[in-house]
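# Observations on chain architecture
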Amino acid sequence: MPDDRCKKYKEYGHLTSNSVLKYLHGVIEKKKAGYLVLIDPDVYEIERCANLACEIERAGADAILLGGSLLTKDLHPIAEGLKGSTNIPIILFPGDSMHLTPHADAVLYMSLISGRNPNYLIGEQVKAAPWIQQYNLEPIPTGYMLIDGGNRTTVEFMSGTVPIPNNKPDIASTHALAAQYLGMKMVYLEAGSGAELPIPDDMISMVDSQVDIPLIVGGGIRSPEMAARKVNAGANFIVTGNILEENCSYDFMKQFADAIHS
Ligand code: 1GP
């Protein structure tokens, strides 16, 4: 059963426009930076989704990202459970073109621009396009960049791409600039879920200085203090996934939200 306390959050009507991208820009304007909680559908039980979404919203997160590199469960009921109990956007974060559901508001329409695998540059996007249209999802064109996080991650293995070395901020920033010139609306600097090393601050700063589009940073962010440092370096959105799988308490999520928003 969903937590009753969520009803009051429904009434706030955070989504005043139909555009999730506009909403995300509004978050940056109002709060400087936003907090995105990543839910890996393979990790959470369906029964927990309603309460979990409610807790994430109450804790102050700005949106829920739903997805992962690998999907072994039925995404539809999980997304439906989350969406039915929160008023913050559910944004799909798909590992490939099969990871889509109509029970979401938007999808990060990503091209893995750090790699040279045509399937993740354009192949999966072509396969996904008719389903995004049919499901009436808002696509948010995103330049997705994998950066070496010190260990091999699922996304590296599944995509068959080589990450950008984490001591090469110039390579990252030129990729981000290319993403902006190609018309992408966001850049995602990804160290990989469970990365030993998060995206370095100097890389975030250099990318931030090069592009005007919002910068999402995720992978290996384990503490509110670390999240705040990434915001100070120039991140517009912080993603946490793994660490909440170990401790998804309201208090811990709130600490992240507060650190990111302040
Ligand atoms: C992974 O960036 C996200 O795609 C989040 O990473 O699970 O390490 O927080 P973590």
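Residues numbered from 1 in each chain as written. Predicted model: local features only at pLDDT ≥ 70, side-chain atom pairs only at ≥ 80, totals over all residues. Heavy atoms only, no water.

### A closer look at the packing of helix H3 (residues 46-59) against helix H11 (residues 250-261)
Worth spelling out the cut-off: To define axes, lines are fitted to C-alpha atoms, for helices over the stretch in contact only, and angles between the resulting N-to-C directions are given on a 0 to 180 degree scale. Here a helix means four or more residues in a row that DSSP labels H or I, a strand means two or more in a row labelled E, and each is numbered from the N terminus. Angular relationships are summarised with four words: roughly parallel below 35 degrees, roughly antiparallel beyond 145, roughly perpendicular across 65 to 115, and oblique for the angles in between. Helix crossings fall into two classes, left-handed where the near helix is turned counterclockwise from the far one by less than a right angle and right-handed where it is turned clockwise. Contacts: residue pairs with any heavy atoms within 4.5 Å of one another.
Between H3 and H11, whose axes approach to 8 Å, the crossing angle comes to 40°. When the interaxial angle is binned, H3 and H11 end up oblique. Crossing of H3 over H11 shows right-handed handedness. Contacts between H3 and H11 pair Glu55, Ile56, Arg58 and Ala59 from the former with Tyr250, Met253, Lys254 and Ala257 from the latter.

### Focus on the site of the ligand
Short version of the rule: Put simply, a residue is near a molecule or strand once any heavy atom of it comes within 4 Å of that molecule or strand. What qualifies as a polar contact is a pair of N or O atoms within 3.5 Å, subject to a donor-acceptor requirement within protein and to the restriction that residues adjacent in sequence count only when both atoms come from side chains. Working definition of accessibility: Shrake-Rupley area with a 1.4 Å probe, residue cover restricted to the visible protein chains. Three categories are distinguished: nonpolar for Ala, Val, Leu, Ile, Met, Phe, Trp, Tyr, Cys and Pro, charged for Asp, Glu, Lys and Arg, and polar for the others, with Gly belonging to the last.
Around the ligand, the surrounding shell holds 14 residues, and the nearest of these are Glu190, Ser193, Gly194, Gly220 and Asn242. At 3.1 Å from an oxygen atom of the ligand is found a main-chain nitrogen or oxygen belonging to Gly219. The backbone of Gly220 places a nitrogen or oxygen atom 2.8 Å from an oxygen atom of the ligand. Here the ligand loses 96% of its free accessible area of 300 Å² to cover by the protein chains. Split by residue class, the shell around the ligand holds four nonpolar, nine polar and one charged.

### Things to note about helix H5 (residues 118-134)
Rule in force here: By this rule, a helix spans an expected 1.5 Å times one less than how many residues it contains. In this scheme, the bend at a residue equals the angle between the axes fitted to the seven residues that finish there and the seven that begin there. Accessibility here uses a 1.4 Å probe with only protein chains present; expressed as a share of the type maximum, an area under 20% marks a residue as buried, one over 50% as exposed, and anything in between as partly exposed.
When the terminal C-alpha atoms of H5 are compared, their 24 Å separation across 17 residues agrees well with the 24 Å that a helix rising 1.5 Å per residue should span. Where H5 bends most, the angle comes to about 35°, and this point is Ala128, followed within four residues by the proline Pro130. For H5, the full list of buried residues reads Tyr120, Glu124, Gln125, Ala128 and Ile132. Looking at the buried positions of H5, the neighbouring elements they touch are strand S4 (106-112), strand S5 (138-146) and helix H6 (154-159). Its side-chain oxygen at 3.0 Å from the backbone nitrogen of Asn119, Asn117 defines the N-terminal cap of H5.

### Concerning helix H2 (residues 20-31)
For H2, built from twelve residues, the straight-helix expectation of 16 Å at 1.5 Å per residue is met to within 8% by its first-to-last C-alpha distance of 16 Å. Listing the buried residues of H2 in full gives Val20, Leu21, Tyr23, Leu24, Gly26, Val27 and Ile28. Its side-chain oxygen placed 3.4 Å from the backbone nitrogen of Leu21, Ser19 serves as the N-cap of H2.

### Brief notes about the pairing of strand S2 (residues 63-66)
Heads up, the rule is: For a crossover, the right-handed case is the one in which the path from the first strand over the helix to the second runs clockwise, viewed with the strands pointing away from the viewer.
Burial along S2 is two-sided: Ala63 and Leu65 facing one way and Ile64 and Leu66 facing the other are all buried. Crossover strand S1 (residues 34-39) to S2 through H3 is right-handed. For the segment spanning S2, helix H4 (residues 75-83) and strand S3 (residues 90-92), crossover handedness is right-handed.

### With respect to a nonpolar patch on the surface
Our working rule: The patches reported here contain residues having more than 30% relative accessible area and no salt bridge. Joining distances are 9 Å for like charges and 5 Å for nonpolar side chains (Val, Leu, Ile, Met, Phe, Trp, Tyr). Salt bridge, as used here: a side-chain nitrogen of Lys or Arg that lies within 4 Å of a carboxyl oxygen of Asp or Glu.
The grouping of Leu70, Phe157 and Met158 at the surface amounts to a nonpolar patch, some 310 Å² of accessible area in total. One can find Phe157 in helix H6.

### Remarks on the packing of aromatic side chains
The geometry of an aromatic ring pair is captured by two quantities: the separation of the ring centres and the angle between the planes. The test is simple: Classification of ring pairs uses Phe, Tyr and Trp, with its six-membered ring standing for Trp, and accepts pairs whose centres are within 6.5 Å; under 30 degrees between planes counts as stacked, over 60 as edge-to-face, and the remaining range as tilted.
The full count for this structure, using the stated rule, is six aromatic pairs. Pairing Tyr35 with Phe256 gives two aromatic rings, centres 5.9 Å apart and planes at 20°, and the pair type is stacked. You can see Tyr35 sitting in strand S1 and its partner Phe256 sitting in helix H11, a full 221 residues away along the chain. The burial state of Tyr35 is the same as that of Phe256; both residues are buried. Ring geometry for Phe93 and Tyr188: centres 5.2 Å apart, planes at 10°, overall stacked.

### Structural notes on the confidence of the model for the protein
Keep this limit in mind: Per residue, pLDDT measures the predictor's confidence, with a range of 0 to 100.
Considering every residue of the protein, the mean pLDDT works out to 93; 93% of them sit at 70 or more. Contacts of residues 7-17 to residues separated by more than four positions or lying in other chains number 18 contacts, the stretch itself having pLDDT below 50.

### Overview of the environment of Leu36
Tracing the sequence through the fold places Leu36 in strand S1. A sequence separation of 202 residues divides Leu36 from Ile238, and the C-alpha atoms of the two residues are 6.0 Å apart. Apart from residues no more than four positions distant in its own chain, Leu36 is found in contact with Ala63, Leu65, Ile216, Phe237, Ile238, Val239 and Thr240.

### Considering the pattern of salt bridges
Oppositely charged side chains can pair when the atoms bearing their charge come close. In total, this model carries seven salt bridges according to the counting rule given. Note that Lys127 is salt-bridged to Glu124, the shortest N-O span being 3.1 Å. Here Glu124 and Lys127 lie together in helix H5, a separation of three residues that amounts to about one turn. Residue class for Lys127 comes out partly exposed when judged on its relative accessible area of 46%.

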